[in-house]
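Residue-level listing of the chains:
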Amino acid sequence: QAAHDKGLEVGVDVPLSLKQQHALNLLPNQRGDHKEEVRRRIRWLRSCGFDHLGTELGSTEFTRGLKASEMVELLNVAQDELGSQKLLVKNHCSTNQWANGFEDPRPGKQGQTLNFNYLNYFANPQIVTMPHTVQAYSLLDPAPTYGNSNFSDLGNWTSFLLQQGRPVVFYPETAYWVNFDISVPLFLAPIYALDRVEDAHTIDSMQGSVPLLGQLNFESGWQWGYWLANSVQALTAWRRMPLQQSFQQLLRFVGPRSYSLAELLVDYATAQRRLLIRGVREGGLQTIPAPGVGEGSATGIAYLQGSEGLSDLGSMMARYLGEGAPQPDRLHLMELQREAPASHRVLRALVQGGAMNDVFRGSELYAQRQQWFQDHLRPLLTEINSTFASLAKRFEGFHSLGPQVEDLVVSAEMLSLRASHVLALYEYAAMCRMPTDTACASLNVAKAALRTAEALVQQRASQMGLERLGPGGHRLVLEWSEPVPTAYSYGYLWAAHTLFYWHREQAMVEQEIWDLCFRTINDPVELGLTGGGGPWARWMQSMAQRVLSNRLWHFKLSECLGPPTEPKRGETEEAIVM
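Please read these numbers as outputs of a predicted model, since none were measured by experiment. (Residues numbered from 1 in each chain as written. Predicted model: local features only at pLDDT ≥ 70, side-chain atom pairs only at ≥ 80, totals over all residues. Heavy atoms only, no water.)

With that settled, consider the state of the cysteines. All chains considered together, the criterion is met by 2 disulfides. Across the disulfide from Cys432 sits Cys440; the S-S distance is 2.0 Å. When the S-S torsion is 90 degrees, as for the bridge of Cys432 with Cys440, the disulfide is right-handed. The burial state of Cys432 is the same as that of Cys440; both residues are buried. Disulfide partner of Cys517: Cys560, at an S-S distance of 2.0 Å. Given an S-S torsion of about -105 degrees, the disulfide between Cys517 and Cys560 has left-handed geometry. Placement of Cys517 in the loop between helix H18 (500-510) and helix H19 (524-528) and of Cys560 in the segment after helix H20 (535-548) is noted, with a sequence separation of 43 residues between them. Taking relative accessible area as the criterion, Cys517 reaches 3% and is therefore assigned buried. Take Cys560: its relative accessible area is 5%, and that puts it in the buried class. Across the chain, the disulfide pattern expressed with sequentially numbered bonded cysteines is 1-2, 3-4. (Disulfide = S-S within 2.5 Å. Buried < 20%, exposed > 50% of the residue type's maximum accessible area, 1.4 Å probe, protein only. Helix = DSSP H or I, 4+ residues; strand = E, 2+ residues; numbered from the N terminus.)

Of the consecutive residues Val184 and Pro185, the connecting peptide bond is found in the cis state with omega at -5 degrees. Along the polypeptide, Pro185 turns up in the loop between strand E7 (169-170) and helix H5 (189-204). The phi dihedral of Trp177 falls on the positive side, at around 65 degrees, and the residue is not glycine. Relative to the elements of secondary structure, Trp177 occurs in the loop between E7 and H5. The exposure class assigned to Trp177 is buried, which follows from its relative accessible area of 11%.

Here we come to the nonpolar core. By size, the foremost hydrophobic cluster in this structure holds 150 residues, and its most contacted members are Leu119, Trp224, Phe247, Tyr268 and Phe395. It is helix H14 (residues 403-431) that contributes the most residues to this core, 17 residues altogether. Not counting chain neighbours up to four residues away, the residues in contact with Phe247 comprise Pro190, Ala193, Leu228, Val232, Ala262, Leu265 and Val266. One finds Met334, Ala507, Trp514 and Leu516 within the second-largest nonpolar core, a separate group that totals 10 residues. (Core = buried A, V, L, I, M, F, W, Y, C linked by side-chain atoms within 4.5 Å. Contact = heavy atoms within 4.5 Å.)

Scanning the entire structure with this criterion turns up 30 salt bridges. Between Asp80 and Arg39 there is a salt bridge whose closest N-O contact spans 3.2 Å. Separated by 41 residues along the polypeptide, Asp80 in helix H3 (residues 68-82) and Arg39 in helix H2 (residues 34-47) bring together distant segments of the chain. Salt bridges linked by common partners bring Glu36, Arg39, Arg43, Asp80 and Glu81 together as one network. (Salt bridge = Lys/Arg side-chain N within 4 Å of Asp/Glu carboxyl O.)

Take the sheet that holds strand E3 (residues 87-92) next. Pairing within the open sheet is parallel, and its 4 strands lie in the order E1-E2-E3-E6. This sheet does not close on itself; its edge strands, each paired only once, are strand E1 (11-13) and strand E6 (128-132). With strand direction ignored, the average angle separating the axes of adjacent strands in the sheet is 25 degrees. Bridge analysis of E1 against strand E2 (residues 52-55) gives 3 bridges, and the strand direction is parallel. Its bridge partner being in E2, Gly11 is matched across the sheet by His52. (Pairing = 2+ DSSP bridges. Axes fitted to C-alpha atoms, helices over the stretch in contact; angles between N-to-C directions.)

The next thing to look at is H18. H18 sits mainly inside the fold: 10 of its 11 residues count as buried. Buried residues of H18: Phe500, Tyr501, Trp502, His503, Arg504, Glu505, Gln506, Ala507, Met508 and Val509, and no others. Structurally, H18 contributes buried residues whose contacts are with helix H10 (309-321), helix H11 (333-337), H14, helix H15 (442-461) and helix H17 (494-498). Just beyond H18, the residue with positive phi is Glu512, at close to 50 degrees.

Take a nonpolar patch on the surface next. A contiguous nonpolar surface patch, about 510 Å² in accessible area, is contributed by Trp536, Trp539, Met540 and Met543. Considering the arrangement of structural elements, one finds Met543 in helix H20. (Patch = residues over 30% accessible without salt bridge, like charges linked within 9 Å, V, L, I, M, F, W, Y side chains within 5 Å. Areas by Shrake-Rupley, 256 points an atom, 1.4 Å probe, with all protein chains shown as cover.)

Glancing now at the environment of Gln126. With respect to the helices and strands, Gln126 occurs in the loop between strand E5 (113-115) and E6. The partly exposed category is assigned to Gln126, whose relative accessible area is 37%. Considered as a pair, Gln126 and Val405 are 279 residues apart in the sequence and their alpha carbons are 44 Å apart. Setting aside chain neighbours within four positions, we find Gln126 in contact with Gln79, Gly83, Ser84, Gln85 and Pro167. From its side chain, Gln126 meets the backbone oxygen of Gly83 in a polar contact 2.9 Å long. (Polar contact = N/O pair within 3.5 Å; in protein donor to acceptor, adjacent residues only side chain to side chain.)

Next up on the list: the side chain of Gln370. One can find Gln370 in helix H13 (residues 362-395). Gln370 sits in the buried class, given a relative accessible area of 15%. In contact with Gln370, other than residues within four places in its own chain, are Leu336, Ala430 and Arg433.

Okay, structure coming up:
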């Protein structure tokens, strides 16, 4: 009611069959009369006072779930039950999901099976389509994520819908969360802001018979500078202006210095697109992908992003299976530090259908990757380090402009430290073979960057105003705990506050750990099953963990079945708490 009093609509996202992250869905019971169940749940939601509903098409981001024909029927039922209220359907950027029996209606696509994510086109034309991009990529950028090389098909689909007169709401992001940006933390607000301004202009230039209805935004908090990207997105939804003018408009509270501050932020956005998104070094040198690794390995963001056990396992399996992981692939630290174990080489040969003699080519591939590191990755990481160190230095002159700008200053310093930490770890992993090697000193550089970053996260935590959330505010945001309603066993900034991803990589390099599941922090049962799994699912998970890890033996894969407790810091087995 408070929102309604301010003239705002309030909607709720209720998937049809999606099971991820404890989602409340319209079909909690897959048995019985699906149509009547959908009607009953929508009537209940409307009684709560919501103005519109959003929904998803798959059972997960990667799987279809219901038959395409049944999904179309249920979408029609949902819109019929809503009447004049809007039903908004996400068209996700994920790939390799097909709506069998439905042909792509776009010119030049005749005879091709429709992407399952676009299925609502064949339902009630009143339904609002939401094309959904992810992470720090615009519609025009290379985007090696979720099986894509870019989002050109989603952009083409958006244009087609507007030409057909269909209602469209664009649905981008200003923070992906998980382990990509704010949870590291990485100061990516400038590139996110550039993406959102550019996408608005791209969509405006589409020759549609109807205009875009508007935009919704996926965001993951306002700390670590992300308030800036969120605010640019909100501004862009209403007013179109160049990026620097957008920054100046939002930063007008700092007075005459808003121009120079906005100019610096534009320089950040330009550098982040060139180095992190496109992997282009000084002089226009394009980084090429690592041998045997995906396109993402040629971009800087693949190395600055974080990773934990399930994401490492997922990216490696996606690489072997030729599918698209939900983040850009990279050459892992352990793949440079020493040859892959024979078990990994056998798995790769079996899954990829290669000859078993490829198992014995490990030394050859390892040598190729070592050379690629020297020729391509090391120069890219070196330029990323120097560029963001220089830009952070320019931020130092803005310390006195208030707490909002101070947040940007510290966030910029954190990005510089992350670049330094990653470069040092990769140099150590690739080049430290004897204690006397010059590269071995890189480990001390990484440790120094980590210590400085730890001091900064403590400083920022005291300035987040968490006391306004009540007694449980600190736990909900910064601590490890029992699974919260969204299925994660930690507050949404726990990983950033503890620098979990930094510590994980540091430990893997120092201890030469080749274990994809090392320090898993996400529980696949909590995340993937309805309501976090019932008693039988939990019993099966517990039994599998005991079979794989007990007093007699320990298989590393067991850690990917979910963390029993908060991960430890390393050899000292000290919990990661600050």
